[in-house]
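This is what each chain is made of:
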Amino acid sequence: MASTACFIIVGRNDIPIYEAEVGSAAKREDAAQLHQFILHAALDVVQDLAWTTSAMFLKSVDRFNDLVVSVYVTAGHTRLMLLHDSRNEDGIKSFFQEVHELYIKILLNPLYLPGSRITSTHFDTKVRALARKYL
């Protein structure tokens, strides 16, 4: 079964610092822009929910047709957002937790400037491997 998934990390100033299309579905030309639009449209909902709960995993916060936006908010208010069409909530939570660990390792790198784009190919490879494993 082909799945659609788009993963994005948004910094505290609503600036995307990492983006990846991690689904196995056939790619359309305009799919990447549509996925970005849906994820950025959900940022307002995420911001409201983040201040009303102490949970880091906010589950599904928004829907668009058959696509669902799931969000994980770090303690520093960085948002890990996933646009997907699957119903595997436990796998999504595990994916977010492991990507959060990878993100912390990036933050601990003295050569990384917090809030700047993540350009590490190692990070990208690990995120895509985690997506294949959990999503």
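Everything quoted here is computed from the prediction, not taken from an experiment.

Asks: Sorry, what's going on with the confidence of the model for the protein chain here?
Replies: Reading predicted coordinates in detail is not appropriate for stretches of low pLDDT. Of all residues in the protein chain, 94% have pLDDT values of 70 or greater, and the mean over the chain is 86. By mean pLDDT, the top-scoring element of the protein chain is helix H3 (residues 89-107) (93), and the lowest-scoring one is helix H1 (residues 31-41) (81).

Asks: Whenever I open this one, the side chain of Ser-70 confuses me. Can you help?
Replies: On the secondary structure map, Ser-70 appears in strand E4 (residues 67-73). Judged by relative accessible area, Ser-70 falls into the buried class, the value being 3%. Within polar-contact distance, the side chain of Ser-70 engages the side chain of His-84 at 2.7 Å. Sequence-distant contacts of Ser-70, that is, excluding residues within four places in its chain, are made with Lys-59, Ser-60, Leu-80, Met-81, Leu-82, His-84, Ile-92 and Phe-96.

Asks: Even after reading the chapter, I still don't get the sheet that holds strand E2 (residues 16-21), so can you show me in this structure?
Replies: On the basis of which strands lie adjacent, the open sheet formed by five strands has the order E2-E1-E5-E4-E3 and antiparallel pairing. Each of the sheet's edge strands pairs with one partner strand only, and the pair in question is E2 and strand E3 (57-64). Taking each pair of neighbouring strands and ignoring which way they run, the sheet shows an average axis angle of 15°. Sheet topology note: the strand E1 (residues 5-10)/E2 ladder contains five bridges and is antiparallel. The residue bridging Ile-8 from the neighbouring strand is Glu-19, located in E2. Strand contacts of helix H2 (residues 43-50): E1, E3, E4 and strand E5 (79-84), with the helix running at about 150° to E3, the strand carrying the most contacts. Here helix H4 (residues 121-134) sits on the sheet in contact with E1 and E2, set at roughly 50° to E2.

Asks: Got a minute to help me understand the packing of aromatic side chains in this structure?
Replies: Two measures describe an aromatic ring pair: the distance that separates the ring centres and the angle between the ring planes. A full pass over the atoms with the stated rule returns seven aromatic pairs. One aromatic cluster is present, built from ring pairs that chain together Phe-7, Tyr-18, Phe-57, Tyr-72, Phe-95, Phe-96 and Phe-123.

Asks: For this particular structure, what's the right way to read the nonpolar core?
Replies: Burial of nonpolar side chains together is a common tendency in soluble globular proteins. Membership of the largest hydrophobic core comes to 25 residues, with the highest contact counts inside it found for Phe-7, Ile-9, Phe-95, Phe-96 and Ile-118. Looking at this core, the elements with two or more residues in it are E1, E2, E5, H3 and H4. Those residues within four positions of Phe-96 in sequence are excluded, and the remaining contacts are Phe-7, Phe-57, Ser-70, Val-71, Tyr-72, Leu-80, Met-81 and Leu-82. Counting residues in hydrophobic clusters, the runner-up holds 17 residues, among them Leu-43, Val-46, Val-61 and Leu-67.

Definitions and cut-offs
Residues numbered from 1 in each chain as written. Predicted model: local features only at pLDDT ≥ 70, side-chain atom pairs only at ≥ 80, totals over all residues. Heavy atoms only, no water. pLDDT = per-residue confidence, 0-100. Helix = DSSP H or I, 4+ residues; strand = E, 2+ residues; numbered from the N terminus. Buried < 20%, exposed > 50% of the residue type's maximum accessible area, 1.4 Å probe, protein only. Polar contact = N/O pair within 3.5 Å; in protein donor to acceptor, adjacent residues only side chain to side chain. Contact = heavy atoms within 4.5 Å. Pairing = 2+ DSSP bridges. Axes fitted to C-alpha atoms, helices over the stretch in contact; angles between N-to-C directions. Phe/Tyr/Trp six-rings, centres within 6.5 Å; stacked < 30°, edge-to-face > 60°. Core = buried A, V, L, I, M, F, W, Y, C linked by side-chain atoms within 4.5 Å.

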